[in-house]
Amino acid sequence: MQQIELQPKEEKLNLKKVIAKYLYKWPWFIASIIICLAVAFIYLRYSIPQYQSKTTLKFDKKQNDLTSALSDLDNLGIGLGNSDELKGEAAIVNSRPLLMQVVQNLNLNVEYFSAGDIKDSQLFGKTPITAKVLSYTKEKFVKFEYTLTDLKGDQFILHNANKKEIAGRFNTPIKLDFGTILLQSNSDLALGSKYKIIFWSPIERVKKLEKTIQINIPDEKAMLMDISLIGSLPEKSEAILNEVTRQYNLDGQRDKNLQAQNTQEFIDKRLEVITKDLSGVENQKEDFQNRNRIVDLQAQAELALQNTSENTKALLQQQAQLDLLNSLSGEASKGNNQLMPSNLGLNPSLEQTISQYNSLIISRNKTLKQATNENPAIIEMNKEIASLKEVIRDNIREQKQTVQTGISQLQSQIKTSNNVIEKVPGQSKVYRGIERQQNLKEQLFLFLLQKREENAINLSVDVPKAKIVNPAFTEDIPVSPKKEIILPGALLLGLLIPFAVLYLLFLLDDKIYSREDIKERSGLGILVDIPSLSDNENHLVQKNDFSELAEAFRVLVSNLKFVLPVKDSAKVIMVTSSVKGEGKTLVSVNLALTIANKNTRALLIGSDIRNPQIQRYDDEPVKRKGLTEFLYDESVNVDELVHTSTTNHSCDVIYAGAIPPNPQELLSNGRYQKLIEQMSSRYAYIIIDSAPLMLVSDTLSIADTADATLYVVRSGVSKNILVDFANDMVKDSKLSNVSFVINDVSRRAGGYGYNYSYGYGYSQTKDRKSWWSKIFKS
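Residues numbered from 1 in each chain as written. Predicted model: local features only at pLDDT ≥ 70, side-chain atom pairs only at ≥ 80, totals over all residues. Heavy atoms only, no water.

Participant: Which parts of the structure should I look at to understand unusual backbone geometry?
Facilitator: Glycine aside, a negative phi is what most residues show, and trans is what most peptide bonds show. Cis rather than trans, the peptide bond between Ser480 and Pro481 has omega equal to -5°. Tracing the chain through its elements places Pro481 in the loop between strand S13 (466-474) and helix H11 (483-508). Phi angles above zero are rare outside glycine, and Asp744 is one such case at about 60°. Mapped onto the fold, Asp744 is located in strand S21 (residues 738-745). (Helix = DSSP H or I, 4+ residues; strand = E, 2+ residues; numbered from the N terminus.)

Participant: So what exactly am I meant to see when it comes to the sheet that holds S13 here?
Facilitator: Across a sheet, paired strands are connected by hydrogen bonds in the backbone, their directions being either parallel or antiparallel. Reading across from one edge, S11-S12-S1-S13 is the order of the four strands in this open sheet, with antiparallel pairing throughout. Two strands bound the open sheet, and with one partner strand each, they are strand S11 (214-216) and S13. For this sheet, the mean inter-axis angle between neighbouring strands, taken without regard to orientation, is 20°. Bridging between S11 and strand S12 (residues 224-231) involves three bridges; their strand directions are antiparallel. Bridge pairing links Asn216 to Asp226 in S12. Sheet contacts for helix H4 (residues 85-93): strand S1 (51-59), S11 and S12; angle to S12, the most-contacted strand, approximately 30°. (Pairing = 2+ DSSP bridges. Axes fitted to C-alpha atoms, helices over the stretch in contact; angles between N-to-C directions. Contact = heavy atoms within 4.5 Å.)

Participant: Would you take a moment to explain the pattern of salt bridges for this structure?
Facilitator: It is possible for side chains of opposite charge to pair when their charged atoms get near one another. Tallied over the entire structure, the rule returns 22 salt bridges. In this structure, Asp689 and Lys584 form a salt bridge, with 3.3 Å as the shortest nitrogen-oxygen distance. With Asp689 in strand S19 (residues 685-689) and Lys584 in helix H14 (residues 584-596), this pair connects stretches of sequence that are 105 residues apart. Arg610 is the partner of Asp698 in a salt bridge, and the nearest nitrogen-oxygen pair spans 2.5 Å. One end of the pair, Asp698, is in helix H18 (residues 698-702); the other, Arg610, is in the loop between strand S16 (602-606) and helix H15 (627-632), with 88 residues separating them in the sequence. The class for Asp698 is buried, based on a relative accessible area of 2%. Judged by its relative accessible area of 37%, Arg610 is partly exposed. (Salt bridge = Lys/Arg side-chain N within 4 Å of Asp/Glu carboxyl O. Buried < 20%, exposed > 50% of the residue type's maximum accessible area, 1.4 Å probe, protein only.)

Participant: Which parts of the structure should I look at to understand the packing of helix H13 (residues 548-560) against H14?
Facilitator: Helix-helix packing is characterised by the crossing angle of the two axes and by the distance between the axes. At a minimum axis separation of 9 Å, H13 and H14 run at an interaxial angle of 80°. With respect to H14, the element H13 is oriented roughly perpendicular. Touching Leu549, Phe553, Arg554, Leu556, Val557 and Leu560 of H13 are Leu586, Val587, Asn590, Leu591, Thr594 and Ile595, all from H14. Of the residues belonging to the contact of H13 with H14, the class tally is nine nonpolar, two polar and one charged. (Parallel < 35°, antiparallel > 145°, perpendicular 65-115°, else oblique. Nonpolar A, V, L, I, M, F, W, Y, C, P; charged D, E, K, R; others polar.)

Participant: How do you make sense of the packing of aromatic side chains when you look at a structure like this?
Facilitator: To describe a pair of aromatic rings, one takes the distance between the centres and the angle between the planes. Per the counting criterion, the structure on display carries 13 aromatic pairs. When the ring of Tyr136 is compared with that of Phe141, the centres are 6.0 Å apart and the planes differ by 35°; the resulting orientation is tilted. Overall, the relative accessible area of 34% leaves Tyr136 in the partly exposed class. Phe141 sits in the buried class, given a relative accessible area of 11%. Through successive ring pairs, a cluster of aromatic residues spans Tyr136, Phe141, Phe144, Tyr146, Phe178 and Phe199. Seen from the ring of Trp200, Arg205 lies directly overhead, with NZ or CZ sitting 3.9 Å from the centre. Stacked on the ring of Tyr685, the Lys or Arg Lys571 has its end atom at 5.7 Å from the ring centre. (Phe/Tyr/Trp six-rings, centres within 6.5 Å; stacked < 30°, edge-to-face > 60°. Lys NZ or Arg CZ within 6 Å of the ring centre and 35° of its normal.)

Participant: Any chance you could explain the pairing of strand S14 (residues 525-531) here in plain terms?
Facilitator: Remark: a regular strand shows side chains that alternate across the two faces of the sheet. Among the seven residues that make up S14, six are buried, leaving the element largely enclosed by the rest of the structure. Bridge analysis of S14 against S21 gives five bridges, and the strand direction is parallel. Note on S21: the bridge partner recorded for Ile526 is Phe740.

Here is the structure:
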């Protein structure tokens, strides 16, 4: 029969198959959802709701302290720096000294709980008992927890974390591990009541308030500040926020009064000093004008500066002339064959001489093109050129002397002007300094008089630093836990956890489970799916057997008719696999038994002489010769090898025999082919149980005797790469007429199951398992 093409099929996403893989694991999804929802309900039931409390402050832009009294100094050019006031006030609200005052006033370093069986309920406000810390004997600690029990009148017992008992009385000081406390009873306490008291270090409470108090500035222009706090007791959070705002205003009022008093003292002292300074500055100004006979220093300075500027410009021009003359002098020192630069803005006579010199050079050069240097005209021209060159040099020297003289005169004039100017700035500096001090003292004197009156008014007015727009209030809906988020989140998590785990398992899983897995990688045919069997089920097909196993092998026999060739002699079927443990021996034995059940003679040959396994299903007779003895001993007769199966008398078996040291040589010596030829006339079918192909090459030595090859793969055990190995064996013509048999297929493999494939009339014979067992079986 022609083999089907072996090229692996292009992998396509089979959405239905993917969904079926996850739906097959639906019990895990249900279990995960139930667990997650149960955890969520338990969390919601026993978690302590957290509520957000908030208060709003509004600040007045008008300042009433020393900063306000001195802020107008900016008008005089003295910047005191006024950056982001609201952020600065937010730091004050959350400062440790202020929070420490809140902790002390509200006694927040002591927490009270009513002990319960599962969780403790915190108490605040009108608590049955009140504890006050009188003194501390331990400087650094976090907290100490005590349980109050055995109430008898005014007596009680405290239990610390180490279960140590401390007896005490109400309204009587008690020494504990961290210090001395006083417990007071605020109401009649019922017998058997149990309370927990936690004593915190005050600084630890301050640190916690620093972290939990949140300050938000919604609009800086509106000068608003929101102060919020999240806690389990709304009344406690509101009390803390109200106390924070109260302490903030008290702190601001104290600062304002203190600063106002300091401001008053400061202004009075400064007025005395400035009055004396102002009188002294005025006398100093008058004396300076008389001594220096100054009328207008500015006009004198401007005139001196103007003269200096003009002389400096002239000096620069002369220095430029001198540089040109120096450069021209260098040109004049060169030979008489080069032209000299002209039109440089120098003396006209020098410019004219240079022009004559250049013209004569040009004429000589033109004549030289038609005559030699010995020509009389050339000689005469050279004399004239040399003469003009000497005149140019003399003229340059004269011009340099004239320019240098002019430079010396200008430098002398500039020096004289500078001497005059040097006196003017010093006088002007002193005079302007005196005037500036006079103006400053006058302005400060008037300013301090005005601020002294304003400060007196501010000191008499009692205005809070910030207005409380909204007293502390608590939102009705808790910020945590949020039921509307936790429950849907738990449901989603219940779906995601098994999905993620299964996705990872499916991603890493490279095993074969169903026909679809083989069809995706190979074009070879698949004859049958052998169902999975439990240990307590019969692994051999019996006569009149209606089990799923028997039905599967009947299907295999029927499908073999379409694979095997038509011939008069026995049809040889070789059963093999890639590796050990895939079930080829089970398939070989049951295939032979199924064929024998139809009253057809079948022979099963155990050809895996390295690791024989047939005797596990049918006891091998003692001292019975096998295939190995026939292969190496030519005197052995085939009749000595044949053994009739105890399960079915129509099925004969040839066991592997003794395990030889050279199985490959025995199987390839030609005796095996002779055995098949001799047995072909006696039996209708010969089934060969061969060795695994991937482990040894024994099977390839006898593959030419088979009319068809059954390649066994095991569901959930064999890997996809083994299908590729089978494809390569067929492609290389090492095996022919190959078909797959899938062994140990789960009844739900691929999402279809044997109740669909073979269940008509057969599934009732199977014992039904509980749904819980099926979950974990899957």
